[in-house]
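# Descriptive analysis of the structure
Below, each chain spelled out in residue letters.
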Amino acid sequence: MAAAQLLVLFGSQTGTAQDVSERLGREARRRRLGCRVQGLDSYPVANLIHEPLVIFVCATTGQGDPPDNMKNFWRFIFRKNLPSTALCQMDFAVLGLGDSSYAKFNFVAKKLHRRLLQLGGSALLPVCLGDDQHELGPDAAVDPWLRDLWGKVLGLCPPPPGLAAIPPGVPLPSKFSLRFLHEVPSAGSEGQQVAHPDSREPPSELQPFLAPMISNQRVTGPSHFQDVRLIEFDISGSAISFAAGDVVLIQPSNSAAHVQQFCQALGLDPDQLFTLQPREPDALLPTRLPQPCSVRHLVSQYLDITSVPRRSFFELLACLSPHELEQEKLLEFSSAQGQEELFEYCNRPRRTIVEVLCDFPHTAAAIPPDYLLDLIPAIRPRAFSIASSMLQILVAVVQFQTRLKEPRRGLCSSWLASLDPGQGDPCSRGGGPVRVPLWVRPGSLAFPEMPDVPVIMVGPGTGVAPFRAAIQERVAQDRTRNVLFFGCRWRDQDFYWEAEWQELEKRGCLTLVPAFSREQVPTLPSALQEQKVYVQHRLRERGQLVWELLDRQGAHFYLAGNAKSMPADVSEALVSIFQEEGGLCSSDAAAYLARLQRTRRFQTETWA
């Protein structure tokens with residue numbers, strides 16, 4: 001392979017930007033171009049001044065935020081002291097992935113594109129704006145943009161003379177070779193690299209802490225449609241420390257049933273041991289996989305076999321298929337023309353990788369083990385707001401029905417809900433406690449250090465979790481100017497921590513304003529009882545208090561919860577309050593809100 005000429009850097013939250021970046025890497029290799037693909041925060045950003053050709057692939061999360069794995073890069077690239085000629089030697093292109101139903105659609109990609117131009121970079125193309133809302137998904141914008149990109153790139157970096165491009169139907173070499181062991185090693189034990197108790201180093205993704213689960217309690221009523229769990233972990237001796245607003249990341253596992261189903265489809269022995277060897281000299285082995293490793297460990301702890309497969313999965317599967325009819329269908333799913341049919345088959349019903357493999361049995365049975373890590377993405381950690389001064393999390397167990405017979409289940413939430421601390425760990429030979437690999441990182445919410453600053457918190461549903469930790473921390477420091485707007489469906493079904501809030505109200509430490517969206521108000525006419533009451537309605541009702549705290553007492557405003565429509569509805573309610581209570585015109589009210597955001601007096605933590 002040629003020396004690296006092209007650098008692809010990605011910022012990815014859910015894996016889509018990484019998948020697109022790896023597609024770019026594969027297409028470069030087919031064109032005989034050297035290419036490195038790397039996460040933005042793992043790349044030494046000071047080296048950018050030496051890079052001649054860089055493609056940035058960036059998702060936008062929440063309310064216009066960069067993904068977690070590019071936040072350090074983001075802070076660096078927007079330093080005011082960077083010279084305007086810093087990147088004058090760089091040709092670049094920016095590919096954005098976003099959702100046009102959000103106000104700040106592809107905000108990160110657009111802002112990065114402008115910043116790279118300010119630093120002297122030369123744009124090969126206008127920024128690409130991939131949109132999840134398009135009926136064909138982001139590929140509707142990505143496919144034509146990539147065609148134009150390769151025309152530009154090949155003009156700058158022509159392939160070596162005499163070397164033809166590798167045809168699409170020919171599989172590229174796998175990243176790793178997987179070598180099965182015929183003898184069990186005499187020493188060493190298989191297991192994840194973990195942070196040991198009493199270690200001075202805080203746990204991380206590379207070395208999580210195996211925290212014993214203390215309790216796993218359902219906190220919604222028995223007739224409530226959703227199972228929500230309050231889970232507590234023992235982190236004594238872990239060197240973990242955290243403050244209100246921080247998040248815990250948890251590395252989930254696949255269920256034993258799915259592991260068995262996958263191994264049967266591919267004809268793999270779960271107990272077979274193997275070692276991995278990289279094929280490229282600069283390729284890094286996955287740090288989460290021990291050497292040697294069992295097939296069971298690989299499938300249960302690493303391969304995300306219950307995720308919905310992306311188009312790249314079908315492209316590689318088609319290359320590996322020996323079965324004519326199955327290969328024909330896989331090629332259709334991986335083609336630009338077949339994306340609508342792929343959406344109906346896979347994305348709309350949320351069909352998983354293991355289910356697809358069972359639908360293509362001849363292909364599945366013929367997959368070379370070397371390609372497993374190319375074919376299937378790694379399980380990503382899930383982030384949860386810390387809900388207490390102890391390490392507790394509030395988890396809504398994801399389960400829903402599509403046209404498929406089997407209900408769809410969230411991997412991490414279902415795995416956590418299945419763990420019973422009273423029964424012990426079924427995988428532990430000594431019958432020890434149930435343990436969960438986790439680590440902590442700062443969240444996006446930072447609470448004021450000044451003791452007399454009031455805080456207004458809006459947390460519907462499980463969005464209230466970080467505010468419980470904040471209120472506990474503030475009350476312990478005698479900071480009693482706390483206002484909480486909490487929203488749920490029913491007072492007697494999903495009013496999390498009702499007794500705790502009421503006790504704090506009695507002590508004068510909290511002003512609680514609940515909104516119960518499904519409860520009828522007896523005093524209203526029947527026609528009005530249909531209207532649901534949400535947190536934004538309660539904000540308007542208490543507009544005088546909100547304006548007084550924000551404008552005259554310097555309060556900070558916090559919002560946490562689902563990112564779909566609630567943040568926009570709350571922002572709209574605030575603008576209305578600024579007009580009605582503050583006497584501001586529409587443009588001044590919007591500018592007032594923007595100033596709160598800019599000065600970090602309005603902070604959000606939202607999730608899709």
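Everything numeric here is computed off the predicted structure, so don't read it as measured data.

Conventions used here
- Residues numbered from 1 in each chain as written.
- Predicted model: local features only at pLDDT ≥ 70, side-chain atom pairs only at ≥ 80, totals over all residues.
- Heavy atoms only, no water.
- Buried < 20%, exposed > 50% of the residue type's maximum accessible area, 1.4 Å probe, protein only.
- Helix = DSSP H or I, 4+ residues; strand = E, 2+ residues; numbered from the N terminus.
- Right-handed = clockwise from strand over helix to strand, strands pointing away.
- Pairing = 2+ DSSP bridges.
- Salt bridge = Lys/Arg side-chain N within 4 Å of Asp/Glu carboxyl O.
- Axes fitted to C-alpha atoms, helices over the stretch in contact; angles between N-to-C directions.
- Contact = heavy atoms within 4.5 Å.
- Domains from an automatic or database assignment.
- Buried area = accessible area lost by both parts, 1.4 Å probe.
- Polar contact = N/O pair within 3.5 Å; in protein donor to acceptor, adjacent residues only side chain to side chain.
- Nonpolar A, V, L, I, M, F, W, Y, C, P; charged D, E, K, R; others polar.
- Parallel < 35°, antiparallel > 145°, perpendicular 65-115°, else oblique.
- Phe/Tyr/Trp six-rings, centres within 6.5 Å; stacked < 30°, edge-to-face > 60°.
- Lys NZ or Arg CZ within 6 Å of the ring centre and 35° of its normal.

Next up on the list: the pairing of strand S4 (residues 91-98). The element S4 is largely enclosed, with a buried count of seven among its eight residues. You can see the chain leave strand S3 (residues 53-59), run along helix H2 (residues 71-77) and come back into S4, and the turn it takes is right-handed. As judged from the two bridges shared by S4 and strand S5 (residues 122-123), these two strands associate in the parallel manner. Across the sheet, Asp-91 pairs through a bridge with Ser-122, a residue of S5. Read as a crossover between parallel neighbours, the route from S4 over helix H3 (residues 107-118) to S5 is right-handed. As defined by bridge partners, S4 adjoins strand S6 (residues 128-131) across four bridges and the pair is classed as parallel.

It is worth spelling out the pattern of salt bridges at this point. Applying the stated criterion across every chain, the model contains 25 salt bridges. Across the salt bridge formed by Asp-68 and Arg-441, the nearest N and O atoms sit 2.6 Å from each other. Of this pair, Asp-68 sits in the loop between S3 and H2 while Arg-441 sits in strand S17 (residues 435-441), placing them 373 residues apart in sequence. According to the relative accessible area criterion, Arg-441 is partly exposed, its value standing at 22%. Taken together, the shared-partner salt bridges in this structure form one network comprising Arg-23, Glu-27, Arg-31, Asp-139, Asp-143, Arg-311 and Glu-315.

The five strands are arranged S20-S19-S18-S21-S22 in an open sheet whose pairing can be described as parallel. At either margin of the open sheet sits one strand with a lone partner, and together these are strand S20 (511-516) and strand S22 (602-607). On average, adjacent strands in this sheet sit at an angle of 10 degrees to one another, irrespective of strand direction. Relative to S20, strand S19 (residues 482-488) runs parallel, the two sharing six bridges. Each residue of the ladder has a partner; that of Cys-488, found in S20, is Phe-516. Lying on the sheet, helix H18 (residues 566-580) is in contact with strand S18 (455-458), strand S21 (556-562) and S22; it crosses S21 at an angle near 150 degrees.

Next up on the list: the domain arrangement of the protein chain. Taken domain by domain, the protein chain consists of domain 1 (6-156), domain 2 (209-252 + 381-441), domain 3 (255-375) and domain 4 (455-606). For domain 1 versus domain 3, the separation of C-alpha centres amounts to 27 Å. At the junction of the two partners, domain 1 supplies 12 residues and domain 3 supplies 10 residues. For the pair domain 1 and domain 3, the two sides together bury roughly 830 Å², of which 38% comes from carbon and sulfur. Residue Asp-139 pairs with Arg-311 through a salt bridge whose shortest N-O separation is 3.1 Å. The tally of links between domain 1 and domain 3 comes to five residue pairs in polar contact (both at pLDDT 80 or more). Of all elements in the fold, only helix H1 (16-30) and helix H4 (139-156) reach the threshold of two or more residues within the side of domain 1 that touches domain 3. With six residues, H1 is the single largest residue contributor to the side of domain 1 that touches domain 3. Class assignment of the residues belonging to the side of domain 1 that touches domain 3 gives a composition of one nonpolar, three polar and eight charged.

Let us now look at the environment of Arg-179. Mapped onto the elements of the fold, Arg-179 is located in strand S7 (residues 176-180). C-alpha separation for the pair Arg-179 and Pro-292, spaced 113 residues apart in sequence, amounts to 9.6 Å. In this structure, Arg-179 is in contact with Leu-273, Phe-274, Thr-275 and Gln-277, ignoring residues within four places of it in sequence.

Another aspect to go through is the packing of helix H17 (residues 543-552) against H18. For any two helices packed against each other, one specifies the crossing angle of their axes together with the interaxial distance. Where H17 contacts H18, the two axes come as close as 9 Å, and the packing angle between them is 85 degrees. Comparing the axis directions of H17 and H18 gives the class roughly perpendicular. Contacts from Gly-543, Val-546, Trp-547 and Leu-550 in H17 reach Leu-574, Ile-577 and Phe-578 in H18. By residue class, the composition of the contact of H17 with H18 is six nonpolar, one polar and no charged.

This next bit is on the packing of aromatic side chains. In the structure shown here, the tally under the stated rule is 15 aromatic pairs. The interplanar angle of 85 degrees and the centroid separation of 5.4 Å between the aromatic rings of Phe-313 and Phe-314 together place this pair among those described as edge-to-face. Relative accessible area serves as the criterion here: at 0%, Phe-314 is assigned to the buried category. An aromatic cluster of three or more residues is present, and its members are Phe-486, Phe-495, Tyr-496, Trp-497, Trp-501 and Phe-516. The ring centre of Phe-107 lies 5.0 Å from the NZ or CZ of Lys-104, which sits over that ring. Taking NZ or CZ as reference, Lys-111 lies 4.9 Å from the ring centre of Phe-78, over its face.

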